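# Descriptive structure summary
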Amino acid sequence: MPVRRIKPERPQGHPELVKAISDELQITTEPPLPGSPIIIEETIGPGPFMHVTVIWERWEGIPAEERGHVIMDGYSDYYDQSTVGRISVALGLTPDEAKKLDIEF
Amino acid sequence: MDTWPLLHDAAGERYWDGLTLALDDRSTGAIYVFGYVVEMLLKVAFFRIRMVPGPHNLWIPLTLGGASPFAMARSHASWYGRPSLHNLEAWLRLLIAERNSAGPALDPIAAGEIETHVRVVDAHWRETLRYKSLTVSGAEINEVFKSVDWLYKNQVLLWS
């Protein structure tokens, strides 16, 4: 009897959000366009690691874990693996959530 | 004597104390106690990652002439300008930095979730709450409990 091998697969969720983050990483102009994600990269501790916070209205209704996957996928689309490997925290928050948590942006 | 297994046991006891207070509408007391649950879980994780032996008193140097585990943490936390041993955000950053350098590093997506919940508690909690007489809304206590509950039930992520 043929064996059916089923591998775990992570659904490719929110490709439009992944693309928007990847696109935003290429833009260097200030201030950000209305509705675009605000991306904050912060160095943590003495090493090369960075903490990425993405503040964006479009996170509304998306669970925290999925937001993290979108951020990591967006960075993976734009940067090489060595840069992506420096991300130690991928945090997605809506502007309201960020204000409540005293995160300046 | 303070050891990390005793801190871990205390975190479990304070979790249930906090829940009891919350159900009895003692919301300020509940948040005061819940903050310590998170603080102790972060401390336990840091000391476990630093491989501090379970029976070791956390205020006594690990080696002759060395620093105690708490002094190590205080010195490291000063990187962030927050050397208080009650600052939840400093403890989390310390833990993340320690895991980055000593390994195993936290998964960045899990770290993001952990950070969200720690920050929710941190936004409501200070150890000085014991001196305050405050009115806490039902929404606030629910928000804090949700985050403490998530961290308590997923605590293994902090040190595995």
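In this report, we go over the structure that sits alongside the text. (Residues numbered from 1 in each chain as written. Chains lettered and ligands numbered in written order. Predicted model: local features only at pLDDT ≥ 70, side-chain atom pairs only at ≥ 80, totals over all residues. Heavy atoms only, no water.)

A word on the overall build of chain B. Secondary structure summary: chain B contains seven helices and zero strands in total. Starting at the N terminus, the α and β elements of chain B follow one another as α-α-α-α-α-α-α. Its C-alpha radius of gyration of 16 Å places chain B within 12% of the 15 Å reference for a compact globule of 160 residues. Each principal axis of the C-alpha atoms in chain B carries an extent, and together these give about 50 × 35 × 30 Å. (Helix = DSSP H or I, 4+ residues; strand = E, 2+ residues; numbered from the N terminus. Rg over C-alpha atoms; globule rule 2.2 N^0.38 Å.)

Looking only at helices and strands, chain A features four helices and three strands. Along chain A, from the amino end to the carboxyl end, the secondary structure elements read α-β-β-α-α-β-α. Summarising its shape, the C-alpha atoms of chain A cover approximately 60 × 35 × 25 Å along the three principal directions. Looking at chain A as a whole, 40% of its 105 residues qualify as buried. Put simply, 58% of the contacts in chain A that link residues at least 6 apart link residues at least 24 apart. Total accessible area on chain A is roughly 6700 Å²; 52% of this is exposed by carbon and sulfur atoms. (Buried < 20%, exposed > 50% of the residue type's maximum accessible area, 1.4 Å probe, protein only. Contact = heavy atoms within 4.5 Å. Areas by Shrake-Rupley, 256 points an atom, 1.4 Å probe, with all protein chains shown as cover.)

Spatial strand order, β1-β2-β3 (chain A): three strands in an open sheet with mixed pairing. A strand with exactly one partner marks an edge of an open sheet, and here the two such strands are β1 (38–43) and β3 (87–93) of chain A. With direction set aside, neighbouring strand axes in the sheet form an average angle of 15°. Of the strand pairs in this sheet, strand β2 (residues 50–55) of chain A and β3 of chain A are connected by six bridges, and their pairing is parallel. Within the sheet, the bridge partner assigned to T53 of chain A lies in β3 of chain A and is L91 of chain A. Most of the contacts of helix α5 (residues 108–124) of chain B go to β3 of chain A, to which it runs at about 50°, and overall it touches β2 and β3 of chain A. (Pairing = 2+ DSSP bridges. Axes fitted to C-alpha atoms, helices over the stretch in contact; angles between N-to-C directions.)

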